[in-house]
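# Inside the fold
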Amino acid sequence: MRRSGKSTLMRMVMDELATMGRSRDNMIYISFEEGKNAHLKSWEPLYNHIIEMASGIDGRVYIFIDELQEVDEWQLCIRALMVDIDSDIYITGSSSKMLSGEMATHIAGRYIEIGVRPFSFAEVVEFEKQRGSGLTTKELFEKYRVMGGMPYIIKNGLDVDDARSYISSTFDSVVIRDICIRKAVRKTELLDDIIRYATSEIGHAISSINITNYLKSQKRSASVDTVLDYMGYAVEARYMDKVFRQDLKGKSLLKTDYRYYLTDVGFREALNLDNGAAVDQILENLVYNELVVRGYRVTIGRTAGDHEIDFVADRNGKREYYQVSYLMSTEETRKREFGAFSDVPDNYPKYVLSMDEIDMSRDGIVHRNIVDWLAEGPR
């Protein structure tokens, strides 16, 4: 997603190569965030420009191209460069489809993809520790669950109002630049309404029918196909993820049953949706994002007994199950959350995560405090 730190990571790679003895004279850097490169937004001009720059370089050329999705038919340029000169090529882009379809066909098996997301909570804790802010883990979490983990906000320690303004501008950037312009969307107000509604309903089962009915209640109209297209654009722009439900008995994905989760929960707050009044949704979204950061493929589970498992997390042939709850102050709530696993047909690890600080583990199911679990980071 835009402003998630891709450009910074690219510059860090350049610095790392320099420390390994690679000459900066052998590095070519082009950013399509800069207006001076607007004339290169087609594959042939870009290719010719790089070939000309590389002609005066002895040895391997290290090519860095930032926000490459702005270039028409960019995959043709990359494929030609891989063939025509001795080079290592590093690219960034803000589209989930950049390395799918045609690109995968052209260079299958010849690239490594690194997903970049906003800061995880563990990264925020580590950063604040190095900075010496003196804030406790719980204090940091209260800020994180409201404003999220966009790197600029964390780095600059923005207060709530400034952070909200920054994320709002990021939202506008995603909607206008990555959706409206790239997808030639003319009904910008309709797009905004659809994304705002989906943002308010994160973690809930919603469908195109739900959204069209909501629009009707607001005296607006849109076809089911338009809703599906616009939601697909939001997913492609990395604004949110679409998470499918899995039938644990039949071991199949239910293609028409899904939920959406935000790449960064701060977007709800920036759109005047109070994160403090939607604690259950926010906690669930944070757990989802953390599982993705830890390298899991995440789905929602449905058991034979029609129990729903919040998250089924698969990685390297192993699986874990997660239930997320705000507080389990009553026995009824505890029975519901732990009982969701009663029909799970295997013995993979099962976890219940909540804000409770007392360990309530039972029947082989592990209970963890959400803040402690998030602060651990990948393992």
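Residues numbered from 1 in each chain as written. Predicted model: local features only at pLDDT ≥ 70, side-chain atom pairs only at ≥ 80, totals over all residues. Heavy atoms only, no water.

### Some points on the overall build of the protein chain
Helix and strand counts for the protein chain come out as 15 helices and 10 strands. The C-alpha atoms of the protein chain give a radius of gyration of 23 Å, which matches the 21 Å a tight globule of 379 residues would have. Projected onto its principal axes, the C-alpha coordinates of the protein chain cover approximately 75 × 50 × 45 Å. Expressed as a percentage of the 379 residues in the protein chain, the buried residues total 49%. Intrachain contacts of the protein chain at a sequence separation of at least 6 include 64% that bridge at least 24 residues. Carbon together with sulfur atoms contributes 48% to the accessible area of the protein chain, which is approximately 18,600 Å² in total. When the 50 basic and 60 acidic side-chain charges of the protein chain are each reduced to a single mean position, those positions are 3 Å apart. (Helix = DSSP H or I, 4+ residues; strand = E, 2+ residues; numbered from the N terminus. Rg over C-alpha atoms; globule rule 2.2 N^0.38 Å. Buried < 20%, exposed > 50% of the residue type's maximum accessible area, 1.4 Å probe, protein only. Contact = heavy atoms within 4.5 Å. Areas by Shrake-Rupley, 256 points an atom, 1.4 Å probe, with all protein chains shown as cover. Lys, Arg positive; Asp, Glu negative; His and termini not counted. Charge placed at Lys NZ, Arg CZ, Asp CG, Glu CD.)

### Quick notes on the sheet that holds strand β3 (residues 87–91)
Pairing is parallel in the open sheet, where 3 strands are placed in the order β1-β2-β3. Where the open sheet ends on each side, the last strands, each with one partner, are β1 (27–31) and β3. Direction aside, the axes of adjacent strands within the sheet are offset by 10° on average. Sheet topology note: the strand β2 (residues 61–66)/β3 ladder contains 5 bridges and is parallel. Bridging across to β3, Y62 finds its partner in D88. Helix α2 (residues 43–54) contacts β1 and β2 of the sheet and is inclined by roughly 150° relative to β1. Here helix α3 (residues 74–84) sits on the sheet and contacts β2 and β3; the angle it forms with β3, its principal contact strand, is near 160°. (Pairing = 2+ DSSP bridges. Axes fitted to C-alpha atoms, helices over the stretch in contact; angles between N-to-C directions.)

### Notes on the pattern of salt bridges
Summed over all chains, the structure comprises 32 salt bridges. Measuring nitrogen to oxygen at the nearest pair gives 2.9 Å for the salt bridge that ties R182 to D178. Among the residues examined, R182 registers a relative accessible area of 28% and is labelled partly exposed. The class of D178 is buried, set by a relative accessible area of 3%. (Salt bridge = Lys/Arg side-chain N within 4 Å of Asp/Glu carboxyl O.)

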